[in-house]
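# Coordinate inspection notes
So the chains spell out like this:
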Amino acid sequence: AAAALVDLVVTSESDNNNQRLVALEHLEALQSRFPEAATGETVVEVLRALGASDLQVRRKALNVAMRAVVSGAGAEAMLGGLRRDLSRVVFDASQDAYKRLLLDTVSTVASRFPEVAPLALEVLLEYLQHGNVHYSDHVTQYIKYHPICF
């Protein structure tokens with residue numbers, strides 16, 4: 001059932017965000033009832049929904065993916081997907097809310113899985129490397145609260 005819902009999320013028409021949201025909500029309900037229903041594979045597949053233009057769909061997809069991450073390997077896969085998406089929108093000024101959402105998710109993943117904290121720091125510093133000083137406070141707070149990376 002989870003695979004069918006994930007497939008529905010990632011293959012929906014580009015303009016059908018309502019369908020994506022409904023499928024993500026059903027996937028979230030399935031995760032609540034059967035935590036083992038969504039696996040690490042689900043994380044990578046659900047992250048494909050980040051290509052949607054709607055911020056609400058992206059937020060819901062990140063929530064579903066976060067709930068599916070149960071190991072350091074899954075966390076690494078998620079950080080890889082977040083890194084790719086950040087690099088895709090890094091210079092798009094109209095995506096500021098989405099960039100903040102991605103950066104918050106990077107921090108959350110690192111908080112839940114300390115073994116990937118160095119990778120999370122790499123992602124955040126890479127983002128700043130592109131001249132995005134607008135979010136430097138976010139990276140500074142991350143370093144302050146995750147000194148184990150050093």
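Residues numbered from 1 in each chain as written. Predicted model: local features only at pLDDT ≥ 70, side-chain atom pairs only at ≥ 80, totals over all residues. Heavy atoms only, no water.

Within the protein chain, the secondary structure is distributed over 8 helices and 0 strands. When the helices and strands of the protein chain are listed from N to C terminus, the series reads α-α-α-α-α-α-α-α. Expressed as a percentage of the 150 residues in the protein chain, the buried residues total 47%. Look at the contacts in the protein chain between residues 6 or more apart in sequence, and 62% of them connect residues 24 or more apart. (Helix = DSSP H or I, 4+ residues; strand = E, 2+ residues; numbered from the N terminus. Buried < 20%, exposed > 50% of the residue type's maximum accessible area, 1.4 Å probe, protein only. Contact = heavy atoms within 4.5 Å.)

To continue, consider the packing of helix α1 (residues 2-11) against helix α2 (residues 17-33). Two numbers describe how α1 lies on α2: the axes approach to 8 Å, and their chain directions differ by 155°. The angle between α1 and α2 falls in the class roughly antiparallel. Two packed elements cross with a definite hand, and for α1 against α2 that hand is left-handed. Along the contact surface, α1 presents Ala 2, Leu 5, Val 6, Leu 8 and Val 9, while α2 presents Gln 19, Arg 20, Ala 23, Leu 24, His 26, Leu 27 and Leu 30. Looking at side-chain class alone, the contact of α1 with α2 contains 9 nonpolar, 2 polar and 1 charged residues. (Axes fitted to C-alpha atoms, helices over the stretch in contact; angles between N-to-C directions. Parallel < 35°, antiparallel > 145°, perpendicular 65-115°, else oblique. Left-handed = near helix turned anticlockwise from the far one by under 90°. Nonpolar A, V, L, I, M, F, W, Y, C, P; charged D, E, K, R; others polar.)

Attention now goes to the packing of helix α4 (residues 55-68) against helix α6 (residues 96-112). One can describe the packing of α4 onto α6 by two numbers: an axis separation of 11 Å at closest approach and a directional angle of 5°. Judged by the angle between their axes, α4 and α6 are roughly parallel. Only Ala 97, Tyr 98, Leu 101, Leu 102, Thr 105, Thr 108, Val 109 and Arg 112 of α6 make contact with α4, whose side of the interface consists of Leu 55, Arg 58, Arg 59, Leu 62, Met 66 and Arg 67.

Within the secondary structure, Val 44 sits in helix α3 (residues 40-47). Measuring from C-alpha to C-alpha, the distance between Val 44 and Ala 68 comes to 9.8 Å, with 24 residues separating the pair along the chain.

Turning to its location among the elements, Val 46 is positioned in helix α3. Linking Val 46 and Gly 81, residues 35 residues apart in sequence, is a C-alpha distance of 10.0 Å.

This part takes up the nonpolar core. With 48 residues, the main nonpolar core has Leu 27, Val 46, Leu 62, Met 78 and Leu 102 as its most contacted residues. Mapped onto this core, the elements with two or more residues apiece are α1, α2, α3, α4, α5 (72-89), α6, α7 (117-129) and α8 (136-145). Sequence-distant contacts of Met 78, that is, excluding residues within four places in its chain, are made with Val 43, Leu 47, Leu 62, Ala 65, Met 66, Val 69, Thr 105 and Val 109. (Core = buried A, V, L, I, M, F, W, Y, C linked by side-chain atoms within 4.5 Å.)

Turning to the environment of Ala 75, a few remarks are in order. Relative to the assigned elements, Ala 75 resides in helix α5. Sequence separation between Ala 75 and Pro 114 is 39 residues; the distance between their C-alpha atoms is 9.8 Å. Among all residues touching Ala 75, those that are not within four sequence positions of it are Val 69, Val 109, Phe 113 and Val 116.

Tallied over the entire structure, the rule returns 0 aromatic pairs. Positioned above the aromatic ring of Tyr 98 is the side chain of Arg 58, whose terminal nitrogen or guanidinium carbon lies 3.8 Å from the ring centre. (Phe/Tyr/Trp six-rings, centres within 6.5 Å; stacked < 30°, edge-to-face > 60°. Lys NZ or Arg CZ within 6 Å of the ring centre and 35° of its normal.)

Attention shifts here to the side chain of Glu 28. Within the element layout of this structure, Glu 28 appears in helix α2. The residues touching Glu 28, leaving out its near neighbours within four places in the chain, are Lys 60, Asn 63, Val 64 and Arg 67.

A separate point is the pattern of salt bridges. Summed over the entire model, instances satisfying the criterion amount to 6 salt bridges. With its nearest N and O atoms 2.7 Å apart, the salt bridge here joins Glu 45 to Arg 48. Connected through shared salt-bridge partners, Arg 83, Glu 122 and Glu 126 make up one network. (Salt bridge = Lys/Arg side-chain N within 4 Å of Asp/Glu carboxyl O.)

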